[in-house]
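These are the residues of each chain, in order.
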Amino acid sequence: MARQKIVAGNWKMNLDRAAAVALTEGVAARRSEVPGVELVLCPPSLYVGTVGTALKLAGDTSPSGVWLGGQNMHDKPSGAFTGEVAPAMLTDMGCRYVILGHSERRTLFGETDAIVNAKAKAALAAGLVPIVCVGETLEEREAGKTQTVVTAQVRGSLAGLSPEDLAKVVIAYEPVWAIGTGKVATPEQAQEVHALIRSLLANLASPAVAADVTIQYGGSVKPDNAASLAAQPDIDGALVGGASLKAADFLGIAAAFNS
Ligand code: PGA
């Protein structure tokens, strides 16, 4: 299985229902321009159904070729967890992906590597592809701790996964200092960490599995900086926040990975 390019839009807590539908239709209408890239939309959970309907998702098929993802989920299948969403609820609504351990979840909602690990296992058990996010803060980078921090996050978030499961995950390297700040990592900075993540995967699973895992970069990706990121050997797509809220920008980023 060759490594798949994936560009995912993390809409975060933005848009209203009409805008979510308009954006979905805008992306779907031009999907054929980027045949080499898997496109994923990750709306706020309340709009997952609305976006799934706009994409005409049916079972495991997407006529538009655009896929749906959640931004978060609980690790338990059901129960007294007010305000939470279960893995099977996401698949029931047509989700193929789920973002896990985004830095906003880690810093604002106290998610630890152990929590992300439990969620990753639950996502895989439910048939979802987890997009597991890792990345260092500015303070950690300046203290020379990037490799240590990312290594601990990758090992902790993926602990206990079999090589078969590791082959199914997507990793997103998102330096916290680059998220929503307009400060994108240089292609060389990103590549260095992507190569580290791939070597960690080789260690956890095998070099063959590691070679096939999609590792996305995230943090202020825009159409005008995507090409230099895409040119790096270990950057296989993007997890896009702000620029995913405009169809043209999102597709512009996807175009950079479409080769
Ligand atoms: P950004 O967000 O593209 O707005 O920096 C990326 C993310 O948080 O996934």
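Here, the structure is the one placed above.
Structural notes, computed from the coordinates. This one's a predicted model, so the numbers in the text were calculated from it and none came from an experiment.

1. Overview of the nonpolar core
Core analysis: the biggest nonpolar cluster contains 65 residues, and Leu39 and Ile197 have the highest contact counts within it. Ranked by the residues each element gives to this core, the list is headed by helix α9 (residues 187-204), at 6 residues. Setting aside anything within four residues of it in sequence, one finds Ile197 in contact with Val134, Val150, Val154, Ile171, Tyr173 and Ile215. Ranked by size, the runner-up nonpolar core spans 13 residues in total, among them Cys42, Ile99, Ile131 and Ala172.

2. Re the site of the ligand
Near the ligand there are 13 residues, and of these Lys12, His102, Glu174, Gly180 and Ser220 occur at the shortest range. Residue Glu174 places a side-chain N or O atom 2.7 Å away from an oxygen atom belonging to the ligand. Relative to its unbound accessible area of 290 Å², the ligand is 96% covered by the protein chains.

3. Here we look at the environment of Ile253
Its location among the elements puts Ile253 in helix α12 (residues 247-256). What makes Ile253 buried here is its relative accessible area of 0%. In this structure, the C-alpha to C-alpha distance between Ile253 and Ala226, residues 27 residues apart in sequence, is 5.6 Å.

4. Some points on the pairing of strand β2 (residues 37-42)
Most of β2 sits out of view: 6 of its 6 residues are buried. By the alternation rule, side chains of β2 split into Val37, Leu39 and Leu41 and Glu38, Val40 and Cys42, which are all buried. Bridge count for strand β1 (residues 5-10) against β2 is 6 bridges, and the pairing is parallel. Directly across from Ala8, in β2, lies its bridge partner Val40. After leaving β1, the chain enters helix α1 (residues 17-29) and then returns to the sheet as β2, a path that is right-handed. Relative to strand β3 (residues 66-70), β2 runs parallel, the two sharing 3 bridges.

5. Details of helix α7 (residues 146-157)
With 12 residues, α7 should cover 16 Å at 1.5 Å per step; its first-to-last C-alpha distance of 16 Å lies within 8% of that length. Residues Thr146, Val149, Val150, Thr151, Gln153, Val154 and Ser157 constitute the buried set of α7. Close packing links the buried residues of α7 with α4 (103-108), α5 (113-125), β5 (129-134), α6 (138-142), β6 (170-173) and α9.

6. Looking at the environment of Ala123
Structurally, the position occupied by Ala123 is in helix α5. Separated by 80 residues in sequence, Ala123 and Asn203 place their C-alpha atoms 22 Å apart. In contact with Ala123, other than residues within four places in its own chain, are Met73, Val98, Leu100, Leu128 and Pro130.

7. Topic: the sheet that holds β5
Strand order in this closed barrel of 8 strands is β1-β2-β3-β4-β5-β6-β7-β8, and the pairing throughout is parallel. If you compare each strand with its neighbour and ignore which way they point, the axes differ by 30 degrees on average.

Criteria and cut-off values
Residues numbered from 1 in each chain as written. Predicted model: local features only at pLDDT ≥ 70, side-chain atom pairs only at ≥ 80, totals over all residues. Heavy atoms only, no water. Core = buried A, V, L, I, M, F, W, Y, C linked by side-chain atoms within 4.5 Å. Buried < 20%, exposed > 50% of the residue type's maximum accessible area, 1.4 Å probe, protein only. Helix = DSSP H or I, 4+ residues; strand = E, 2+ residues; numbered from the N terminus. Contact = heavy atoms within 4.5 Å. Near = heavy atom within 4 Å. Polar contact = N/O pair within 3.5 Å; in protein donor to acceptor, adjacent residues only side chain to side chain. Areas by Shrake-Rupley, 256 points an atom, 1.4 Å probe, with all protein chains shown as cover. Pairing = 2+ DSSP bridges. Right-handed = clockwise from strand over helix to strand, strands pointing away. Expected span 1.5 Å × (residues − 1). Axes fitted to C-alpha atoms, helices over the stretch in contact; angles between N-to-C directions.

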